[in-house]
Amino acid sequence: MYLLLEVLGMLGAGALLYAYAMLSMGKMSGDGLAYQLINLGGAIALMVNSAAHFAWPSAVLNLIWSGIGLLALWRLATTRPWRRRRFPDGTSAGG
């Protein structure tokens with residue numbers, strides 16, 4: 001079980017770093033589905049790992065991070081395509 005929790009924590013950290021790197025390099029949109037799912041998965045994995053190690057500040061941080069991710073996913077799922085904000089280059093803020 002210990003090894004599983006350690007692997008989960010490493011995968012979670014890797015997922016968050018990957019999502020941030022892709023966002024920073026312009027390879028992913030911060031309001032896109034892929035970014036939000038990777039970010040949420042990483043936060044949940046780190047939350048479980050942190051709680052298992054009784055690292056409560058980190059666990060709470062990742063719980064809140066997960067909540068933000070769930071809200072962002074809910075927003076993406078409920079925003080009507082024709083009401084999404086459009087940018088001059090033709091891209092939209094909704095996905």
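Residues numbered from 1 in each chain as written. Predicted model: local features only at pLDDT ≥ 70, side-chain atom pairs only at ≥ 80, totals over all residues. Heavy atoms only, no water.

A description of the overall build of the protein chain should follow, citing residues and the corresponding values.
If you tally the helices and strands in the protein chain, you get three helices and zero strands. Along the chain direction, N to C, the helices and strands of the protein chain fall in the order α-α-α. Every one of the 95 residues in the protein chain was classed for burial, and the buried ones make up 33%. If you take every contact in the protein chain between residues at least 6 apart in sequence, the share linking residues at least 24 apart comes to 47%. Accessible surface computed for the protein chain: about 6400 Å², of which carbon and sulfur atoms make up 73%. (Helix = DSSP H or I, 4+ residues; strand = E, 2+ residues; numbered from the N terminus. Buried < 20%, exposed > 50% of the residue type's maximum accessible area, 1.4 Å probe, protein only. Contact = heavy atoms within 4.5 Å. Areas by Shrake-Rupley, 256 points an atom, 1.4 Å probe, with all protein chains shown as cover.)

Break down a nonpolar patch on the surface for me, citing the residues and quoting the values.
Together, L3, V7 and L11 make up an exposed nonpolar region whose accessible area comes to about 310 Å². Topologically, V7 is positioned in helix α1 (residues 2-24). Residue classification places V7 among the partly exposed positions, given a relative accessible area of 39%. (Patch = residues over 30% accessible without salt bridge, like charges linked within 9 Å, V, L, I, M, F, W, Y side chains within 5 Å. Salt bridge = Lys/Arg side-chain N within 4 Å of Asp/Glu carboxyl O.)

Now, about the packing of helix α2 (residues 33-52) against helix α3 (residues 56-78): what can you tell me, with residues and values included?
Two elements in contact, α2 and α3, have axes separated by 8 Å at closest approach and are oriented at 155°. The angle between α2 and α3 places the two elements in the roughly antiparallel class. The interaxial crossing formed by α2 with α3 has left-handed handedness. Contacts between α2 and α3 involve L33, Q36, L37, N39, L40, A43, I44, L46, M47, S50 and A51 on the former and, on the latter, W56, S58, A59, N62, L63, W65, S66, G69, L70, A72, L73 and L76. Class assignment of the residues belonging to the contact of α2 with α3 gives a composition of 16 nonpolar, seven polar and no charged. (Axes fitted to C-alpha atoms, helices over the stretch in contact; angles between N-to-C directions. Parallel < 35°, antiparallel > 145°, perpendicular 65-115°, else oblique. Left-handed = near helix turned anticlockwise from the far one by under 90°. Nonpolar A, V, L, I, M, F, W, Y, C, P; charged D, E, K, R; others polar.)

Quick rundown of the packing of aromatic side chains? Include the residues and the values.
Tallied over the entire structure, the rule returns one aromatic pair. Between F54 and W56, the aromatic rings sit 6.0 Å apart at their centres with planes inclined by 65°, giving edge-to-face as the arrangement. (Phe/Tyr/Trp six-rings, centres within 6.5 Å; stacked < 30°, edge-to-face > 60°.)

Can you break down the environment of M10 residue by residue, with the values?
Mapped onto the secondary structure, M10 falls in helix α1. Classification of M10 by relative accessible area gives exposed; the value is 64%.

Describe unusual backbone geometry, and please don't skip the residues or the numbers.
Only a minority of non-glycine residues have a phi that is not negative, and only a minority of peptide bonds are not trans. Residues other than glycine seldom take positive phi values, yet F54 does so here, at roughly 55°. Checked against the element boundaries, F54 lands in the loop between α2 and α3.

Could you give an account of the side chain of S50, with specific residues and numbers?
Of note, S50 is situated in helix α2. Reaching out from S50, the side chain makes a polar contact with the side chain of S58 at a distance of 2.9 Å. The residues touching S50, leaving out its near neighbours within four places in the chain, are A55, S58, A59 and N62. (Polar contact = N/O pair within 3.5 Å; in protein donor to acceptor, adjacent residues only side chain to side chain.)

I'd like to hear about the packing of α1 against α2, residue by residue, with values.
Where α1 meets α2, the closest approach of the two axes is 7 Å, and the angle between their N-to-C directions is 145°. Every pair of crossing elements has a handedness; the one defined by α1 and α2 is left-handed. Residues L5, E6, L8, G9, G12, A13, A15, L16, Y18, A19, Y20 and L23 of α1 form the contact with α2, whose own contacting residues are Y35, I38, N39, G42, A43, A45, L46, V48, N49 and A52. A per-class count over the contact of α1 with α2 returns 16 nonpolar, five polar and one charged.

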